[in-house]
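Listed below are the residues making up each chain.
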Number of protein chains: 2
Amino acid sequence: MGKDLIHENLAKQVKNKMLSDDLLFDIAEVFKIFGDSTRIKIIYALKLSELCVSDLAFITNSSDSAISHQLRILKQAKLVKSRKEGKVVYYSLKDDHVIKLFEIGCEHAHEL
Amino acid sequence: MGKDLIHENLAKQVKNKMLSDDLLFDIAEVFKIFGDSTRIKIIYALKLSELCVSDLAFITNSSDSAISHQLRILKQAKLVKSRKEGKVVYYSLKDDHVIKLFEIGCEHAHEL
DNA sequence: CTCTTATCTGAATAATTGTTCATATATTTA
DNA sequence: TAAATATATGAACAATTATTCAGATAAGAG
């Protein structure tokens, strides 16, 4: 027999309706990407304009290296895309989802 | 003189338009809360129904203690609220912002 | 070709964080 | 009052992660 459940029926019903662990994990992963100050700064900056690594380093007061690392993470998460022009790599937001997510997070933060 | 900037005007313009560090930090904090599998499971479960600690522990296959810790974090972040009825504490989502954020994150995760 | 510049990368470090375990608090029941 | 139950809490531990530093690529300039 299982543990005593206070609201057995309700709890089992909810458990049956739960999304798959894989999907829930992926959802958490998306949010994790947004959950870092440096990356949020990058996202907000890219919301304003396409920018290269050293621009972003200047804008966010970070090192080129730190920004490059974070851009790799953002790119792997398919939140930004890049194009190369000579020595310079230009980054921009991949789609409107990113902007929507940012804006709703922003609204919530305002309501603190 | 400052560092050489590749796109001096553009970078300075964007930097001037940046949100305050405090606000950007708060935005990142909101997302950080969503960026954990256990908490995402809790949020999704509470989207379906008001639930108590042990219900959530059962639903998420976690210990009561782990859930209690996470609920404290969610409550401090003003994402959930609680009411006490005897020995039992019932948790629910605080507002629709939480649901909206979850759903957009969900959409993006689907598009992987 | 050589030098400089822009970006990237890997390893090391420091800091943060989620879970567990033991225990505490609060409330109901016997 | 004493026992049982639901939840909360603090410390310790393990795992993850962001940054730095040194150095590696890649591309243009001289």
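Everything that follows concerns the structure shown earlier in this document.
Not measured: the values here are computed from a predicted model.

**Considering the protein's contact with DNA strand D**
- The local shell around DNA strand D holds 26 residues, among which A:Thr38, A:Ser65, A:Gln70, B:Ser65 and B:Tyr91 are the closest.
- Note that a phosphate oxygen of DNA strand D is positioned 2.6 Å from one of the side-chain N or O atoms of A:Gln70.
- Between B:Ser68 and DNA strand D, the recorded distance is 3.0 Å, taken from a side-chain N or O atom to a phosphate oxygen.
- Counting only elements with at least two residues in the surface near DNA strand D, the list comes to helix H3 (37–48) and helix H5 (64–76) of chain A together with helix H4 (53–60), helix H5 (64–76) and strand S3 (88–93) of chain B.

**Quick notes on the packing of H3(A) against helix H6 (residues 96–110) of chain A**
All names here are of chain A.
- Where H3 meets H6, the closest approach of the two axes is 11 Å, and the angle between their N-to-C directions is 120 degrees. Overall, the two elements H3 and H6 adopt an arrangement that is oblique. Crossing hand, H3 versus H6: left-handed. For the pair formed by H3 and H6, the contact residues are Ile-40, Ile-43, Tyr-44 and Lys-47 on the first element and Val-98, Ile-99, Phe-102 and Glu-103 on the second.
- Looking at the contact of H3 with H6 residue by residue, the classes come out as six nonpolar, no polar and two charged.

**Notes on the relation of the copies chain A and chain B**
- For these two chains of identical sequence, chain A goes onto chain B by a turn of 180 degrees and a shift of 0.0 Å along the axis, with RMSD 0.0 Å. What the rotation and shift describe, once combined, is the action of a two-fold rotation axis.
- The overlap is high: 100% of the interface residues of chain A also sit at the interface in chain B, so the same surface is used on both sides.

**Observations concerning the protein's contact with DNA strand C**
- With respect to spatial proximity, 25 residues lie near DNA strand C, and among them A:Ser65, A:His69, A:Tyr91, B:Thr38 and B:Gln70 are the closest.
- Here the atoms of DNA strand C within 4 Å of the protein split so that 74% fall in sugar or phosphate, with bases taking the remainder.
- The side chain of A:Ser65 places a nitrogen or oxygen atom 2.7 Å from a base oxygen of DNA strand C.
- Between A:Ser68 and DNA strand C, the recorded distance is 3.0 Å, taken from a side-chain N or O atom to a phosphate oxygen.
- Ranked by residue count, the leading element in the surface near DNA strand C is H5(A), at five residues.
- Its residues assigned to classes, the surface near DNA strand C shows seven nonpolar, 10 polar and eight charged.

**Examining the pairing of strand S2 (residues 80–85) of chain B**
All names here are of chain B.
- With six bridges joining them, S2 and S3 adopt antiparallel strand pairing. Each residue of the ladder has a partner; that of Arg-83, found in S3, is Tyr-90.
- Here S2 folds back onto S3 in antiparallel fashion, the turn holding two residues, of which Gly-86 has a positive phi close to 65 degrees.

**Some thoughts on helix H2 (residues 21–34) of chain A**
- Counted at 1.5 Å a residue, the expected span for H2(A) with its 14 residues is 20 Å, and the 20 Å between its end C-alpha atoms agrees.
- Buried residues of H2(A): A:Leu23, A:Leu24, A:Ile27, A:Ala28, A:Val30, A:Phe31, A:Ile33 and A:Phe34, and no others.
- Buried residues belonging to H2(A) abut H3, H5 and H6 of chain A together with helix H2 (21–34), helix H3 (37–48) and helix H6 (96–110) of chain B.

What counts, and where the lines are drawn
- Residues numbered from 1 in each chain as written.
- Chains lettered and ligands numbered in written order.
- Predicted model: local features only at pLDDT ≥ 70, side-chain atom pairs only at ≥ 80, totals over all residues.
- Heavy atoms only, no water.
- Near = heavy atom within 4 Å.
- Polar contact = N/O pair within 3.5 Å; in protein donor to acceptor, adjacent residues only side chain to side chain.
- Helix = DSSP H or I, 4+ residues; strand = E, 2+ residues; numbered from the N terminus.
- Axes fitted to C-alpha atoms, helices over the stretch in contact; angles between N-to-C directions.
- Parallel < 35°, antiparallel > 145°, perpendicular 65-115°, else oblique.
- Left-handed = near helix turned anticlockwise from the far one by under 90°.
- Contact = heavy atoms within 4.5 Å.
- Nonpolar A, V, L, I, M, F, W, Y, C, P; charged D, E, K, R; others polar.
- Least-squares fit on C-alpha atoms with pLDDT ≥ 70 in both.
- Pairing = 2+ DSSP bridges.
- Expected span 1.5 Å × (residues − 1).
- Buried < 20%, exposed > 50% of the residue type's maximum accessible area, 1.4 Å probe, protein only.

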